[in-house]
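# A structural walkthrough
Chain by chain, the residues run as shown.
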Amino acid sequence: MKTKRKGWIATAILTIVAVFYVSPLFIVLMNSFKKKAFINLEPFNMPSEKTWIGGENYANAINDYGFLKAVLWTLVITVGSVVVILICTSMFAWFITRVSNRTTKSLYTLCVFSMVVPFQMVMFTLSLVTDRLRLNTPWGLIIIYLGFGAGLAVFMFCGFVKSIPIEIEEAAMIDGCSPLRTFFSVVLPIMKPTYISVGILETMWIWNDFLLPYLTLDLNKFSTISIVIQRMQGSYGRVDMGAIMASLVLAIIPIIVFYLSCQKYIIKGVAAGAVKG
């Protein structure tokens, strides 16, 4: 009886915590269908016949603020950055793990050290360098994300590569495979769990990121979702709360669907990369 009671108590606590974390998402969704004036006056009330505005807030966000164009650029930056990060860091991790010397150990240490350096220490210098090198485009931002996302990715990939028996790679090389073919034909398929988990973590970070695109992109030509939402605050205290709520819902839905469909791979990939890391 005591065990069952403890189980019910734990379940109740977890349910309360889950409701607490999900409630902000529900409030944003609820307010996205309200008239602007009532979002501030009645933020926690359900939409009524008096406050209901339907899909007008969504139409304003799309038509008046260029939300769809921002979604396109965010998608390009996110997909491009994640693909580049996965390919480059996995190959780099495989190399420094298999070629063990002072240089590779130093490179690994630098990658791990980059995870503890606060972004605020380099943000102003980064903004200056991106302007000087003309990296203030989505394609340049992909390179910048590679630098900032490499630390975690290399750490996870190195841990997983250490668990791969080297005899598999040696057998492939005996059969005539070059190092590149060995990596893409043998090592990469084995690294699939870590690929998926790293891809999920990097996608969630890049899709929701505001500060890095804001500091580096030419905002007269390119905008991401987070930048467009920030612009909806306007000037002189004018805030289009209806468009903001609608934009938040449109921005949240893709990443939630992506996460829920892939969440089972996160724990597998992290555990696989941490066993011998």
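Scoring rules and cut-offs
Residues numbered from 1 in each chain as written. Predicted model: local features only at pLDDT ≥ 70, side-chain atom pairs only at ≥ 80, totals over all residues. Heavy atoms only, no water. Helix = DSSP H or I, 4+ residues; strand = E, 2+ residues; numbered from the N terminus. Buried < 20%, exposed > 50% of the residue type's maximum accessible area, 1.4 Å probe, protein only. Contact = heavy atoms within 4.5 Å. Areas by Shrake-Rupley, 256 points an atom, 1.4 Å probe, with all protein chains shown as cover. Lys, Arg positive; Asp, Glu negative; His and termini not counted. Charge placed at Lys NZ, Arg CZ, Asp CG, Glu CD. Axes fitted to C-alpha atoms, helices over the stretch in contact; angles between N-to-C directions. Parallel < 35°, antiparallel > 145°, perpendicular 65-115°, else oblique. Nonpolar A, V, L, I, M, F, W, Y, C, P; charged D, E, K, R; others polar. Left-handed = near helix turned anticlockwise from the far one by under 90°. Patch = residues over 30% accessible without salt bridge, like charges linked within 9 Å, V, L, I, M, F, W, Y side chains within 5 Å. Salt bridge = Lys/Arg side-chain N within 4 Å of Asp/Glu carboxyl O. Core = buried A, V, L, I, M, F, W, Y, C linked by side-chain atoms within 4.5 Å. pLDDT = per-residue confidence, 0-100. Phe/Tyr/Trp six-rings, centres within 6.5 Å; stacked < 30°, edge-to-face > 60°.

## Some remarks on the overall build of the protein chain
For the protein chain, the helix and strand inventory stands at 13 helices and zero strands. Beginning at the N terminus, the succession of helices and strands in the protein chain can be written as α-α-α-α-α-α-α-α-α-α-α-α-α. Across its three principal axes, the protein chain shows a C-alpha extent of roughly 75 × 70 × 35 Å. By residue count, 38% of the 277 residues in the protein chain fall in the buried class. Taking the contacts inside the protein chain whose residues are at least 6 apart along the sequence as the reference set, 72% of them involve residues at least 24 apart. Carbon and sulfur atoms provide 69% of the accessible area of the protein chain, an area that totals close to 16,300 Å². Side-chain charges of the protein chain comprise 23 positive and 13 negative groups, with the mean position of each set lying 8 Å from the other.

## As for the packing of helix α9 (residues 179–190) against helix α10 (residues 192–208)
Across the interface, α9 lies against α10 with an axial gap of 4 Å and an inter-helix angle of 65 degrees. With respect to their mutual orientation, α9 and α10 come out roughly perpendicular. Here Phe183, Leu188, Pro189 and Ile190 of α9 come into contact with α10, specifically with Lys192, Pro193 and Tyr195. Class assignment of the residues belonging to the contact of α9 with α10 gives a composition of six nonpolar, no polar and one charged.

## As for the packing of helix α5 (residues 102–114) against helix α7 (residues 138–161)
When two helices pack together, their arrangement is given by the angle between their axes and by how far apart the axes lie. Interhelical geometry of α5 versus α7 gives an angle of 125 degrees and a closest axis separation of 7 Å. Put simply, α5 runs oblique to α7. Here α5 and α7 pass one another in a crossing that is left-handed. Of the residues in α7, those in contact with Tyr108, Cys111, Val112 and Ser114 of α5 are Gly151, Val154, Phe155 and Cys158. Here the residues of the contact of α5 with α7 are counted per class, giving six nonpolar, two polar and no charged.

## Things to note about unusual backbone geometry
Although it is not a glycine, Arg134 sits at a positive phi angle of roughly 60 degrees. Secondary-structure assignment places Arg134 in the loop between α6 (123–132) and α7.

## Focus on a nonpolar patch on the surface
Where nonpolar side chains cluster on the molecular surface, the patch consists of Ile9, Ile13, Val17, Phe20, Tyr21, Val22, Leu25, Ile256, Tyr259 and Leu260 and spans about 970 Å² of accessible area. If you list the elements that add at least two residues to the nonpolar patch, you get α1 (2–31) and α13 (241–274). Examining the composition of the nonpolar patch, we find that seven residues originate from one element, α1, more than from any other. Within the fold, Tyr21 resides in helix α1.

## Some remarks on the nonpolar core
Counting residues in each nonpolar core, the largest one holds 35 residues, and the members touching the most others are Leu141, Phe157, Met191 and Leu212. Taken together, the elements giving at least two residues each to this core come down to α4 (67–98), α5, α6, α7, α9, α10 and α11 (211–216). Considering every element that reaches this core, the biggest residue donor is α7, with ten residues. Apart from the residues within four sequence positions on either side, Met191 is in contact with Ser90, Phe157, Phe160, Val161, Ile164 and Phe183. Counting 19 residues, the second largest nonpolar core, distinct from the first, contains Phe67, Trp207, Val228 and Ile244.

## With respect to the confidence of the model for the protein chain
For the protein chain, per-residue confidence averages 83 on the pLDDT scale, and residues scoring 70 or more make up 91% of the total. Confidence, read as mean pLDDT per element, is least for α13 in the protein chain (76) and greatest for α4 (92). Note on residues 273–277: pLDDT under 50 across the span, and nine contacts to partners over four residues away in sequence or across chains.

## So, the packing of aromatic side chains
Tallying each qualifying case throughout the model produces eleven aromatic pairs. Geometrically, the ring pair formed by Trp73 and Trp139 is edge-to-face, given 6.3 Å between the ring centres and 75 degrees between the ring planes. With Trp73 in helix α4 and Trp139 in helix α7, this pair connects stretches of sequence that are 66 residues apart. The exposed category is assigned to Trp139, whose relative accessible area is 53%. Ring centres of Tyr145 and Trp205 lie 5.1 Å apart, and the angle between their planes is 90 degrees; this geometry places the pair in the edge-to-face category. With a gap of 60 residues between them, Tyr145 in helix α7 and Trp205 in helix α10 connect regions that are remote in the sequence. By relative accessible area, which is 30% here, Trp205 ends up partly exposed.

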